[in-house]
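The lines below spell out each chain.
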Amino acid sequence: MHDPNRPHRNTLFVEDAQILAQDSYPGKQYVLRVQAPRCAAHAQPGSFAHLQCSPELLMRRPLSIMGTDPDAGWVEFLYKDVGTGTHALAARKPGETISMIGPIGIPFTPDRARPRTLLIGGGVGIPPMLFLADRLRTDRHWQPFVLMGSEVPFPFHAQPSRFMVPGVPAEVIAAMPLLEDRGVPSRLSSRQGYPGCFDGYITDLARHWLDAMDDAARRQVSIFACGPHPMLAATARLAEEYRLPCQVSLEEYMACAVGGCAGCTVHINTPNGPAMKRVCVDGPVFDARTVNWSQ
Ligand SMILES: Cc1cc2nc3c(=O)[nH]c(=O)nc-3n(C[C@H](O)[C@H](O)[C@H](O)COP(=O)(O)OP(=O)(O)OC[C@H]3O[C@@H](n4cnc5c(N)ncnc54)[C@H](O)[C@@H]3O)c2cc1C
Ligand code: FES
């Protein structure tokens with residue numbers, strides 16, 4: 001049973017993960033696949049791993065898990081080269097090994113009473129949404145719909161969707177091929193004028209979808225989101241306005257990532273009043289209503 005005081009008992013592993021593939025995409029984005037069988041076996045959507053990007057860098061860097069194959073034993077990440085650590089990671093080659101701690105963190109917990117799951121991923125917040133969509137699609141009970149937003153080119157070639165989604169403007173057809181192949185409807189948004197994408201904020205596209213539903217259908221909706229802080233705050237406001245439950249995955253600077261240093265705390269409202277919670281082990285997934293969005 002889950003013990004909140006020892007959240008990672010017997011489920012957190014240190015592995016020397018061999019790089020199987022590292023592919024680069026426009027916008028200094030990379031998809032990294034590593035062999036890490038124990039992490040692959042235990043990771044849940046929302047989990048992340050703490051990676052030693054290069055042997056010279058002592059501080060590890062946290063990355064969300066985008067997907068796993070527990071049988072083959074691999075784990076996949078999507079990351080953007082934004083600084084020293086991720087730049088060093090981008091230079092690593094297949095065949096090399098990376099020390100990796102994972103899976104870490106409290107994952108997303110979908111509610112079976114709300115099978116219409118709206119997954120919202122922005123920028124490098126896309127990976128956990130893909131992982132969640134992939135898990136949900138294996139059980140026909142769930143009806144995942146994925147919205148992805150990016151202001152740099154998407155790390156895949158968008159294709160016109162074969163799924164009609166009520167409420168989505170007719171010209172908004174761009175979808176993610178991987179999700180199309182897996183039978184999950186998706187749509188893309190950007191303010192960069194990419195063809196077929198919704199021209200605006202991802203939350204406005206979500207609003208189109210929600211407004212097309214009747215009350216009974218909307219009562220079956222729950223929202224899951226990961227992305228930049230302003231996008232998460234806007235998603236939380238949207239959820240509040242439509243009275244929908246919403247889980248968000250937060251990002252904070254991390255040192256240890258295993259609950260020991262309190263370097264990643266955020267203000268969370270609890271039944272006992274405001275409290276400092278560690279994003280690494282008390283999160284990264286939190287109920288959006290409990291997050292103090294002004295921090
Ligand atoms: C739980 C979690 C999951 C994450 N998942 C992903 C992912 O899937 N893909 C991905 O590309 N990135 C992800 N990140 C962010 C990633 O960890 C940082 O981009 C990375 O640590 C930056 O390290 P760096 O040395 O390359 O850059 P630095 O030189 O440390 O920083 C470069 C820039 O990034 C900013 N930055 C660094 N860390 C963070 C952070 N935690 N939050 C906000 N801004 C930051 C800095 O302010 C600076 O502007 C995640 C972070 C967390 C906490
Ligand atoms: S990073 Fe050390 S407690 Fe979270």
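Criteria and thresholds
- Residues numbered from 1 in each chain as written.
- Chains lettered and ligands numbered in written order.
- Predicted model: local features only at pLDDT ≥ 70, side-chain atom pairs only at ≥ 80, totals over all residues.
- Helix = DSSP H or I, 4+ residues; strand = E, 2+ residues; numbered from the N terminus.
- Rg over C-alpha atoms; globule rule 2.2 N^0.38 Å.
- Buried ≥ 20, exposed ≤ 12 C-beta atoms within 10 Å, placed from the backbone.
- pLDDT = per-residue confidence, 0-100.
- Contact = placed C-beta atoms within 7 Å.
- Pairing = 2+ DSSP bridges.
- Domains from an automatic or database assignment.
- Nonpolar A, V, L, I, M, F, W, Y, C, P; charged D, E, K, R; others polar.
- Near = placed C-beta within 6 Å.
- Core = buried A, V, L, I, M, F, W, Y, C linked by C-beta atoms within 7 Å.
- Axes fitted to C-alpha atoms, helices over the stretch in contact; angles between N-to-C directions.
- Arc of directions from axis to C-beta.

## Describing the overall build of the protein chain
Helix and strand counts for the protein chain stand at seven helices and 18 strands. By the compact-globule yardstick of 19 Å for 295 residues, the protein chain fits well, its C-alpha radius of gyration being 18 Å. The dimensions of the protein chain, computed from C-alpha atoms along their principal axes, are 55 × 45 × 35 Å. Within the protein chain, buried positions represent 44% of all 295 residues.

## Considerations on the environment of Gly273
Looking at the secondary structure, you find Gly273 in strand 17 (residues 273-278). Residues Gly273 and Ala262, spaced 11 residues apart in sequence, show a C-alpha to C-alpha distance of 19 Å.

## Some words on the confidence of the model for the protein chain
The predicted model of the protein chain has a mean per-residue pLDDT of 93, with 97% of residues at 70 or higher. Scored below 50 in pLDDT, residues 1-5 makes one contact in the model with residues more than four places away or belonging to other chains.

## A short note on the pairing of strand 16 (residues 265-270)
Relative to strand 17, strand 16 runs antiparallel, the two sharing six bridges. What sits directly across from His267, in strand 17, is Met276. Adjacent in sequence and paired antiparallel, strand 16 and strand 17 are bridged by two residues.

## Some details on the domain arrangement of the protein chain
Examined at the domain level, the protein chain breaks down into domain 1 (13-104), domain 2 (116-249) and domain 3 (251-295). In this assembly, eight residues from domain 2 lie in contact with seven residues from domain 3. Secondary structure elements with two or more residues in the side of domain 2 that touches domain 3: helix 7 (229-241) and strand 15 (246-249). Residue composition of the side of domain 2 that touches domain 3, grouped by class: five nonpolar, three polar and no charged.

## Here's the deal with unusual backbone geometry
Looking along the chain, the bond that leaves Gly102 and enters Pro103 is cis, with omega of -5°. Residue Gly283 is joined to Pro284 through a cis peptide bond whose omega torsion reads 10°. Its location among the elements puts Pro284 in the loop between strand 17 and strand 18 (285-287). With a phi angle near 55°, Lys28 is a residue other than glycine that sits in the positive phi range. Residue classification places Lys28 among the partly exposed positions, given that 14 C-beta atoms sit within 10 Å.

## A closer look at helix 3 (residues 126-136)
Across the 11 residues that make up helix 3, a large majority, nine, are buried. Within helix 3, burial applies to Ile126, Pro127, Pro128, Met129, Leu130, Phe131, Leu132, Ala133 and Leu136.

## Focus on the site of ligand 1
Of all residues adjacent to ligand 1, which total 22 residues, the nearest are Tyr79, Gly83, Gly85, Thr86 and Val124. For the shell around ligand 1, the secondary-structure elements that each account for two or more residues are strand 4 (61-64), strand 6 (74-80) and helix 2 (84-90). When residues are assigned to domains, the shell around ligand 1 turns out to be shared by domain 1 (13-104) and domain 3 (251-295), each giving three or more.

## Section: the nonpolar core
Among the nonpolar cores identified, the biggest contains 82 residues, and Ala49, Val75, Met100, Met129, Ala133, Val146 and Val248 are the most heavily contacted of them. Considering each element in turn, this core owes the most residues, seven residues, to helix 3. In contact with Ala133, not counting residues within four places along its chain, are Leu119, Pro144, Val146, Leu179 and Val184.

## Remarks on the sheet that holds strand 6
As summarised here, the arrangement of the seven strands in space is 4-3-7-1-2-6-5, forming an open sheet in which the pairing is antiparallel. The sheet terminates laterally at strand 4 and strand 5 (67-69), the two strands that pair on one side only. Taken over all neighbouring pairs, the strand axes of this sheet differ in orientation by 35° on average, direction set aside. Where strand 2 (residues 29-35) meets strand 6, seven bridges bridge the pair, whose relative direction is antiparallel. Counterpart to Arg33 in the pairing with strand 6 is Glu76.

## Structural notes on helix 5 (residues 202-211)
Within helix 5, the full set of buried residues consists of Ile202, Thr203, Leu205, Ala206 and Leu210. The arc that holds the buried residues of helix 5, viewed along the axis, is 155°, so those residues lie on one side. Considering only its buried residues, helix 5 is in contact with strand 8 (116-122), strand 9 (145-149), strand 12 (186-190), strand 13 (198-199), helix 6 (215-218) and helix 7.

## Quick look at the sheet that holds strand 14 (residues 221-226)
The sheet built from seven strands is open, its strands ordered 13-12-9-8-14-15-18 with mixed pairing. Single-partner strands in this sheet number two, and they are strand 13 and strand 18. Note that strand 8 and strand 14 share six bridges and pair parallel. Considered in strand 14, the bridge of Arg116 is made with Val221. On top of the sheet, helix 5 reaches strand 8, strand 9, strand 12 and strand 13; it is set at about 155° to strand 9, its chief contact. Those strands touched by helix 7 are strand 8, strand 14 and strand 15, and its axis lies near 175° from that of strand 15.

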